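Architecture and fold: a report
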Amino acid sequence: MKAVSTAVAGVADELIALSHRIHAHPEVAWEEEKAARWVGYALNDLGFDVRSGTAGLPTAFTATLGSGPLHLGICAEYDALPGLGHACGHNIIAAAAVGAAAGLAPLVDELGLTLTVFGTPAEEGGGGKILMLERGAFDGVHAAMMVHPGPVDVAEADPFAVAHLKVRYHGKAAHAAAYPEQGRNAADAFTVAQVAIGLLRQQLPGRTRVHGMMTRGGEAPNAIPELTEGRWYVRADSLEQLAELQPRVERCFEAGALASGCELEIEPESRPYSEFRGDAELLAVFRRTATELGRRFETGTPAARMNRASTDMGNVSRVLPAIHPYLGIGSLPAVNHQKEFAAHCVGAAADRAVLDGAAAMALTAAAVAADPVQRERLIAARG
């Protein structure tokens, strides 16, 4: 619809400014106070009813407009990566979500829509969408969508399920030269565990990942470390496969404790993220719409691997129809989670991704709302 594109174009400068402002002020998971406020202000200016603190999460919000029988959701992310800033481009996601809302706002009554933008914190570890889902924020929503930046355009999301683990070993300190026999080395425990994980990888299914880092390795070189900590991710094709794999990885950490005489603590950082179950019909509409805007989707190339990352949007997709396409920002050879990629998340190609993502989501929502078959399918799917 021309009205949608016109509405998005009318706020283009504001959307790009919002993307750049969030990029310039990165905030990590659960600390996205400025970004959540800026996105909320922009939606309030569009006439949306903005409510902060959704699901008891201070940096989550909902912004709703319209009262039609078809309820569509658009998800905004805005958290950054520790030490890397917006190296996954969540500033683009947030601005595109506002742009899609702007494109649809004049048409919600005509289309019979209720439109909600969800401000979702802590995607980069923390699982904000999972908590919002469990606490009822998505109740009554018939479908949800978002776009995500990557090196190139990729339509279909295929993320891993992932478990986020915090690992801690408790040993006993001692002088490393004078009284080493009195210590129990918590750093050695991690060494044994990492060797065990390295050997385990030989027997793991090909489409699994186990990776992590030590975040605390001791206090002084002449003191046997009594406390070490780390963060580890275990990824698999599905939650079911993850449930089989995770105990095997945890036994590697148990081996480190047994060999070193240390005590082990393992705690989850969030609920496990699910694999993504994309809605094929909704995605087909998005693909067609985005192609008409000039996007060119790739499959099977090394640059297209971003669709194999993990996201808490996967948990949403298990409950309601959802899509999570990727829009390229011309960053190659830089890829997500590199400082070089963060630098590419502002600039001409990134700004185009904001505007194309906004228009494509808005046009997709409008097309689905105007199609009686798709409309009834989505409403019926949620009963």
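See the structure shown above.
Along every chain, residues carry numbers that run from 1 in the direction the sequence is written. This being a predicted model, a pLDDT of at least 70 is required before a residue's local features are given, and a value of 80 or more before pairs of side-chain atoms are given or counted; all residues contribute to the totals for chains, interfaces and linings. Based on all heavy atoms of the structure, the side-chain values leave hydrogens and waters out of the count.

Our focus in this paragraph is the overall build of the protein chain. A count of helical and extended segments in the protein chain gives 13 helices and twelve strands. Here the globule rule reads 2.2 Å times residues to the power 0.38, and the radius of gyration is calculated from C-alpha atoms. Its C-alpha atoms give the protein chain a radius of gyration of 23 Å, near enough to 21 Å, the size a compact globule of 383 residues would have. By its C-alpha atoms, the protein chain is 80 × 40 × 40 Å across when sized along the principal axes. The contact rule is simple, with two residues in contact once any of their heavy atoms fall within 4.5 Å. Considering only intrachain contacts with a sequence separation of at least 6, the fraction spanning at least 24 residues in the protein chain is 80%. In these tables, accessible area is a Shrake-Rupley quantity obtained with a 1.4 Å probe, and a residue counts as shielded only by the protein chains included in the view. With the model as given, the accessible surface of the protein chain reaches about 15700 Å², and the carbon-plus-sulfur share is 52%. We count a stretch as a helix when DSSP gives it H or I for four or more residues in a row; a strand needs E for two or more, and each element gets its number in order from the N terminus.

What follows is about the sheet that holds strand β11 (residues 322–323). The strands making up a sheet associate through backbone hydrogen bonding, with each pair oriented either parallel or antiparallel. Overall, mixed pairing links the six strands, which are arranged β1-β2-β4-β3-β5-β11 in an open sheet. Each end of this open sheet is capped by a strand with a single partner; those strands are β1 (49–52) and β11. Being paired, for any two strands, means DSSP has found at least two bridges between them. Relative to strand β2 (residues 61–65), β1 is paired through four bridges, and the arrangement is antiparallel. When the bridges of β2 are listed, D49 appears paired with T64. Working convention: axes come from line fits to C-alpha atoms, limited for helices to the stretch in contact. Angles between N-to-C directions cover 0 to 180 degrees. Relative to the sheet, helix α4 (residues 90–104) contacts β3 (70–77) and β4 (113–120), its axis offset from that of β3 by approximately 150°.

All right, on to the packing of aromatic side chains then. Each pair of aromatic rings taken from Phe, Tyr and Trp, with Trp reduced to its six-membered ring, is defined by centres within 6.5 Å and is described as stacked if the planes are under 30 degrees apart, edge-to-face if over 60, and tilted in the remaining cases. Here the structure, examined in full by the defined rule, presents six aromatic pairs. Where Y169 meets F190, the ring centres are 5.1 Å apart and the plane angle is 85°; that geometry is what we call edge-to-face. Taken together, the residues Y169 in strand β7 (residues 161–170) and F190 in helix α7 (residues 186–200) connect sequence positions 21 residues apart. Remark: exposure states derive from per-residue accessible area (1.4 Å probe, protein chains only) relative to the maximum for the residue type, with buried under 20%, exposed over 50%, and partly exposed in between. Residue classification places Y169 among the buried residues on the basis of a relative accessible area of 0%. Residue F190 is classed as buried on the basis of its relative accessible area, which comes to 0%. In this scheme, Lys NZ or Arg CZ marks a charge over a ring once it lies within 6 Å of the ring centre and within 35 degrees of the ring normal. Taking the ring centre of W38 as reference, the NZ or CZ of R21 above it sits at 5.3 Å.

Bringing the nonpolar core into the picture now. For soluble globular proteins, nonpolar side chains are generally found buried alongside one another. Among buried residues, those of type Ala, Val, Leu, Ile, Met, Phe, Trp, Tyr and Cys that are joined through side-chain atoms within 4.5 Å constitute a nonpolar core. Within the largest apolar cluster, 66 residues are counted, with the highest numbers of intra-cluster contacts made by V39, L43, F48, L104 and V117. Looking at this core, the element that brings in the most residues is helix α12 (residues 348–370), giving twelve residues. If we skip the residues at most four places from it in the chain, L43 touches F48, V50, F61, A63, V98, A101 and V117. Counting residues in each nonpolar core, the second largest holds 23 residues, with Y169, A236, V249 and F253 among its members.

For strand β9 (residues 227–236), the buried fraction is high: eight of the ten residues fall into the buried class. Where β7 and β9 come together, ten bridges link them in antiparallel fashion. Bridged to Y169 within β9 is T228. Inspection of the sheet shows strand β8 (residues 209–216) paired to β9 by seven bridges, in the antiparallel sense. Bridged to R216 within β9 is E229.

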